[in-house]
Amino acid sequence: MTRSSSRWIVQRLAQLALVLWVIATILFLIFRLMPGNPLVAFIDPNFTAEQQRALIHQFGLDLPLWQQYLIFLKESVTGNLGQSFFYKAPVSQLVWETLPNTLILTLGSVIIAFLIGTVAGAFLAWKRGTAAEAAGISVVVALRAAPEFWVGMILLAVFSFSLRWFPSSGTASPGVHYASLGAQLVSVDFLRHLALPLVTFVLYLQGLPLLLMRSNMLDVMEEEFVVMARMKGLPEARILLRHAARNALLPVATAFALVIGYSLSGDVVVENVFSWPGLGRLLVKAVSSKDYPLAQGAFLVIAALAILMNLLADLVYTWLDPRVSYAKR
Amino acid sequence: MTPLLALEDLRVEYSTRRGVRRAVDGVTLDVLPGEILGLVGESGCGKTTLGRAIIRVLPRNARITGGRMWFEGTDLAALSEPAMRAIRWRKIAMVPQASMDSLDPVYRLGDQFLEVLVVSGGLGRSAARERALDLCDLVGLDRRRLQSFPHELSGGMRQRAAIAMALALRPPLLLADEPVTALDVVVQHHILRRLRALTAELGVSVVLITHDISVIAQTCARMAVMYAGMIVEVGSTIDVFAAPRHPYTMGLENSFPNLVRPQDTLIPIEGSPPDLIAPPPGCRFAPRCPFAVDRCTTEVPALRELAPGRWAACHRANEAAELRVQSKDARRWQVAAR
Amino acid sequence: MGAVSRPRPSLLPAGSAGRGRPARWGALWAVLQHDRFAFAGICIYACFLLVALLAPWLAPYDPQQTILRGDELMAARPPGGGFLLGTTNVGRDIFSQLVFGARPALTVGFVAAFFVVLIGTVAGIVAGYSGGWPDTVLMRLADVAFGIPFLPFVIVLVAFLGASLWNIVLAMALLLWKDTARVVRAQVLTLRERGFVESARVLGASPARIMVVHIAPNVLPIALLYGSLAIGWAILTEAAVSFLGFGDSAQISWGFMLQDAYISQALSVGAYNWFVPPGVCIMLLVMAGYFISRGYEELLFPRLRRQ
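What counts as what
Residues numbered from 1 in each chain as written. Chains lettered and ligands numbered in written order. Predicted model: local features only at pLDDT ≥ 70, side-chain atom pairs only at ≥ 80, totals over all residues. Helix = DSSP H or I, 4+ residues; strand = E, 2+ residues; numbered from the N terminus. Buried ≥ 20, exposed ≤ 12 C-beta atoms within 10 Å, placed from the backbone. Contact = placed C-beta atoms within 7 Å. Rg over C-alpha atoms; globule rule 2.2 N^0.38 Å. Pairing = 2+ DSSP bridges. Axes fitted to C-alpha atoms, helices over the stretch in contact; angles between N-to-C directions. Nonpolar A, V, L, I, M, F, W, Y, C, P; charged D, E, K, R; others polar. Parallel < 35°, antiparallel > 145°, perpendicular 65-115°, else oblique. Left-handed = near helix turned anticlockwise from the far one by under 90°. pLDDT = per-residue confidence, 0-100. Core = buried A, V, L, I, M, F, W, Y, C linked by C-beta atoms within 7 Å. Expected span 1.5 Å × (residues − 1). Bend = angle between axes of the 7 residues up to and from the residue.

Trainee: Hey, could you go over the overall build of chain A for me, with residue numbers and the actual values?
Mentor: The number of helices and strands found in chain A is 13 helices and zero strands. Put simply, chain A runs from its N terminus to its C terminus through helices and strands in the order α-α-α-α-α-α-α-α-α-α-α-α-α. Per-residue burial over chain A gives 43% buried out of 329 residues. Long-range contacts, defined as pairs at least 24 residues apart, comprise 71% of the intrachain contacts of chain A with a sequence gap of at least 6.

What follows is the structure, given as structure tokens:
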């Protein structure tokens, strides 16, 4: 790796750390500025007086605000995100357990949505001016406009409750155990549970890559080098795929980062519709039951995830486009 | 000599929102084997459309609406698309304007050469690689440039690459559309010289399309002048320059700086080309012509052979000698604009 | 990027090139008439606005009221018999809820969009015109806003500040201004170098005056483009937040209806009359926003090369 590219990576990591720090600070302030007793954020009222004293001491809640802040930062960085009131377990452990489910659902959906979206977008561009295109666009816009949880509800009602093709919640049927994560991922039971949330999510996410790809294809097909390719006697299919689509794909790749960013929002909702035990569902449960440490921890990890995925998406883009050099960023 | 390409009353139209634009309106022209034919005209005269029509890659809203294009015994205008695709690049290739955009930005130069050689040319991969290297040598391009991406090449390099690409399958006919316009004069000179050498060496015919008559003067033995979708003059370059027979050509010469025959001032042709959606009746140049008479505004002058190989489309072509003298007077041209 | 070049935005209608007068609204009207989709979008908005305004007269029942006929609770009735869309599982009229649901939807939509556009435009103008540290600060803030996942943040905020429409609006205003700001800033950067701005500067106008009088009107069209998109985002956000249970329970919104249906097992009994209509309404309203913004975008970024 060249010196400038490693410098760029370091820059981005620093940016990531900065954003995380800001978010953590905001969280800290929210809890302290919240109406009511700030201690509530850390201490379950059901604890005994002695337990409460111990916790106050551990988190330095009797210390000045700025010292609390430093303790908070230190604890967060070392992975100690507190204790969940509701589950009576360390927040970091709960988060760690649910993280894979969220990753599988979110990353899987985004990747599939992009694959389907770009292919469909290129196809619609190719069919420009036909009735098929008009119909396709209407369907895509409708899906973009529809609330994703509502689509999920309809799919649930039809395919799960009515037709009984798919289960209605969770990641596993009762009593099923897996030897490892890998075994779980390929088991039919897991995939059946994954199917509906995945389809819902993909239907929601595909709109942006599709419309973007279509728009880019229409632009690229007017470009000089595409006309030249035709003059060179190359077959149309080759021109569309290896030249037009390849170039049209670049801005779609930048959208990848954007979509990953807002996919985590959609993920929260999809997880709740299908009772999919991921970070999003954890967050909502935590907030509903006033389990502040868990809520704070879940949110922090979700934010970190978003930023990390953003960074990865940027890396993919720079690899795809030979004209972008690290130095220019 | 039988021509390599014979255009017969070719017509190309664009459908636009405002109406049908007759961009090429009855062009008859021959291209002889092994020659470099210059085609000169101002922007919008239809010369680029003509080039695109020959290779049959026109924009979506353009169509060939009449005439024939005889090439190696077949009428290209009537050919089916698959048959035409077989001809493209193998028999007729184009060197585009020296722009960044004619090469795919995400593929290396070498890969784009290989693509043309393997897919269009049917060569095996190793034969293609050999040929690619030969082509670089042919145009004077550093072989290492095959590893570069288009945006890493200078304008001159790109143009050499474009010429190499066009010659890749050794087509008998090359269409060069403003091949050196975007380059500086020194590079222009080198590229044109190389082009001349190549055509002599390979026996390729070239149609050199440009708005710059100095390029024609330097490179072409024979030239044609195009105006408003029609050919107005054809002849050997020397004769057309020394003794133009069409007022437009006379005007063109006046408006270009000339190192050999010094002029005190450049005389531009006043006015602008006609709207090709509703062209004027009669001669298209009449509104700007200092020598127009009544007949010019009603009757379209036909392209007539005034001497062997010497054609002009002007009702007053017989008086050309006299008109030439008058065309040196700047005031004539100012009066002309109506 | 070289290969996929975007057409330059043209804020000025053809013919007034270079003079820098504010974009003409008449041109907007013309495009809306020309583009059928945009026109349909306007019609949909108009319909829903009317419904929202006339709700008390259009709805046969109070949306919160559990309806009794004689002694019998009209629970889980299918459509028909006086109930256009049937009733919920506790006997509330679905149609009435649907009609009244237009109110919180449009309120949140317009108010949130207004603030998002306001903050985004101001930030974009200040950042773009001033350059230097205001620009850096604002763009860093935008980067942070980019890093925060939207819905989780809204949930956290709403949960801690209380569930009300205004907190949803606040959360949106805090996070969604960045897109508008980025685009406005880019626009301002090009405008800044234009003739009419130069001459204003030379004549001694203060930066504030230039920003308000010269830059703002030219930036407004693109800001409004994002505004029409923001209305859709706002409605979807409110629906999602309500669905998750953090919504304003004082008002029956469409999102609330969906949540109600979900937790009342409407899915398992197949009560499509309950949970399909609210989603359709949301979908229509958001689609309308897209259509209008697309028609509008054609005006701002005319695709010259396509027929």
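So much for the structure itself; the text now carries on.
Trainee: Kindly report on the overall build of chain B, identifying the contributing residues and their values.
Mentor: Summing up its helical and strand segments, chain B has 12 helices and 12 strands in all. Over its C-alpha trace chain B gives a radius of gyration of 21 Å, about what one expects of a compact globule, namely 20 Å for 338 residues. Across its three principal axes, chain B shows a C-alpha extent of roughly 65 × 45 × 40 Å. Of all 338 residues assigned to chain B, the portion counted as buried reaches 46%. The long-range fraction of contacts in chain B, counting pairs at least 24 apart against all pairs at least 6 apart in sequence, stands at 67%.

Trainee: For the sheet that holds strand β8 (residues 205–210) of chain B, give the residues involved together with the corresponding values.
Mentor: Residues and elements named next belong to chain B. On the basis of which strands lie adjacent, the open sheet formed by eight strands has the order β6-β7-β8-β3-β9-β10-β12-β11 and mixed pairing. Strands with a single pairing partner mark the edges of an open sheet, and in this sheet they are β6 (92–95) and β11 (304–307). Adjacent strand axes in the sheet meet at a mean angle of 25°, parallel and antiparallel pairs treated alike. Lying over the sheet, helix α5 (residues 155–167) contacts β6 and β7 (173–177), oriented at roughly 175° with respect to β6.

Trainee: Go over the environment of Val-202 of chain A, please, and point to the residues and values.
Mentor: Residue and element names in this part refer to chain A. Tracing the backbone shows Val-202 in helix α8 (residues 188–205). When the C-alpha positions of Val-202 and Leu-18 are compared, they lie 31 Å apart, and in sequence the two are 184 residues distant. Apart from residues no more than four positions distant in its own chain, Val-202 is found in contact with Ser-109, Ile-112, Ala-113 and Ile-116.

Trainee: Give a detailed account of unusual backbone geometry, specifying residues and quantitative values.
Mentor: Positive phi outside glycine occurs at Ser-275 of chain A, with the angle close to 50°. Its place among the elements puts Ser-275 of chain A in the loop between α11 (236–273) and α12 (279–288). Phi is positive for Trp-89 of chain B, which is not a glycine, with a value near 70°. In this fold, Trp-89 of chain B is placed in the loop between α2 (81–87) and β6. Given 23 C-beta atoms within a 10 Å radius, Trp-89 of chain B is considered buried.

Trainee: Which residues make up the interface of chain C and chain A, and what are the values?
Mentor: Each partner contributes to the interface: chain C provides 39 residues, whereas chain A provides 45 residues. Only α5 (132–147), α6 (150–161), α9 (207–243), α10 (254–263) and α11 (272–300) of chain C provide two or more residues apiece to the side of chain C that touches chain A. No other element matches α11 of chain C, which puts eight residues into the side of chain C that touches chain A. A per-class count over the side of chain C that touches chain A returns 29 nonpolar, seven polar and three charged.

Trainee: Tell me what's going on with the packing of helix α2 (residues 36–53) of chain C against helix α4 (residues 94–130) of chain C, and back it up with residues and numbers.
Mentor: All names here are of chain C. At a minimum axis separation of 8 Å, α2 and α4 run at an interaxial angle of 110°. Considering the angle they form, α2 stands roughly perpendicular to α4. Classified by chirality, the crossing of α4 by α2 is left-handed. Between α2 and α4, the contacting residues are Phe-48, Leu-49, Val-51 and Ala-52 on the first element and Val-99, Ala-102, Arg-103 and Leu-106 on the second. Across the contact of α2 with α4, the residue classes tally to seven nonpolar, no polar and one charged.

Trainee: Could you give me a rundown of the environment of Ile-36 of chain B, with the residues and numbers involved?
Mentor: Residue and element names in this part refer to chain B. Tracing the chain through its elements places Ile-36 in strand β3 (residues 36–40). Separated by 185 residues in sequence, Ile-36 and Ala-221 have C-alpha atoms that sit 6.3 Å apart. Not counting residues up to four positions away in its chain, the partners in contact with Ile-36 are Arg-196, Thr-199, Val-206, Leu-208, Thr-219, Cys-220 and Ala-221.

Trainee: Got a sec to walk through the packing of helix α6 (residues 148–162) of chain A against α11 of chain A? Specific residues and values, please.
Mentor: Helix-helix packing is characterised by the crossing angle of the two axes and by the distance between the axes. Residues and elements named next belong to chain A. Two elements in contact, α6 and α11, have axes separated by 9 Å at closest approach and are oriented at 25°. Viewed along their axes, α6 and α11 adopt a mutual orientation that is roughly parallel. Crossing of α6 over α11 shows right-handed handedness. Contact residues: Glu-148, Phe-149, Gly-152, Met-153 and Leu-156 in α6; Gly-266, Val-269, Val-270 and Val-273 in α11. Grouping the constituent residues of the contact of α6 with α11 by class yields six nonpolar, two polar and one charged.

Trainee: Help me get a handle on the sheet that holds strand β4 (residues 62–71) of chain B, residues and values and all.
Mentor: Residue and element names in this part refer to chain B. Ordered in space as β2-β1-β4-β5, the four strands form an open sheet in which the pairing is antiparallel. Strands at the two margins of the open sheet, each flanked by one partner only, are β2 (19–31) and β5 (74–75). As paired strands, β4 and β5 are joined by two bridges and run antiparallel to one another. Residue Phe-71 lies in a different strand from β5, and its bridge partner there is Thr-74.

Trainee: Which residues make up the confidence of the model for chain A, and what values do they have?
Mentor: Mean pLDDT over chain A works out to 81, with 88% of the residues at or above the 70 mark. Ignoring residues within four places in sequence, the model shows residues 325–329 of chain A, a span with pLDDT below 50, making six contacts including any to other chains.

Trainee: For the nonpolar core, give the residues involved together with the corresponding values.
Mentor: Membership of the largest hydrophobic core comes to 276 residues, with the highest contact counts inside it found for Leu-283 and Ala-298 of chain A together with Ile-155 and Ala-230 of chain C. The dominant element in this core, judged by the number of residues it contributes, is α9 of chain C, at 20 residues. Setting aside anything within four residues of it in sequence, one finds Ala-298 of chain A in contact with Val-95, Leu-279, Leu-282, Leu-283 and Ala-286 of chain A.

Trainee: Before we move on, can you summarise the pairing of strand β1 (residues 5–16) of chain B with the specific residues and values?
Mentor: Residue and element names in this part refer to chain B. Pairing between β1 and β2: 10 bridges, direction antiparallel. Counted as the bridge partner of Thr-16 is Gly-19 from β2. Note: β1 against β4, eight bridges, orientation antiparallel. Across the sheet, residue Glu-13 finds its bridge partner in β4, namely Arg-63.

Trainee: With reference to specific residues and values, describe helix α7 (residues 165–192) of chain C.
Mentor: Between its terminal C-alpha atoms α7 of chain C stretches 38 Å, which fits the 40 Å expected from 28 residues at 1.5 Å a residue. The largest bend in α7 of chain C comes to about 40°, at Leu-176 of chain C.

Trainee: Tell me about the pairing of β6 of chain B, and please be specific about residues and values.
Mentor: All names here are of chain B. Because side chains alternate across β6, one face comprises the buried residues Ile-92 and Met-94, and the other comprises Ala-93 and Val-95, equally buried. Pairing between β6 and β7: four bridges, direction parallel. Along β7, the bridge assignment pairs Met-94 with Leu-175.

Trainee: I'd like a description of the environment of Ile-30 of chain A, backed by residues and values.
Mentor: All names here are of chain A. Take Ile-30: it is sitting in helix α1 (residues 3–33). Here Ile-30 falls in the partly exposed class, since 18 other C-beta atoms lie within 10 Å of it. Along the primary structure Ile-30 and Pro-167 are separated by 137 residues, whereas in three dimensions their C-alpha atoms are 39 Å apart.

Trainee: Residues and numbers for the confidence of the model for chain B, please.
Mentor: Scored by pLDDT, chain B comes out at a mean of 89, with 96% of its residues at no less than 70. Confidence metrics for the complex model read pTM 0.76 and ipTM 0.83.

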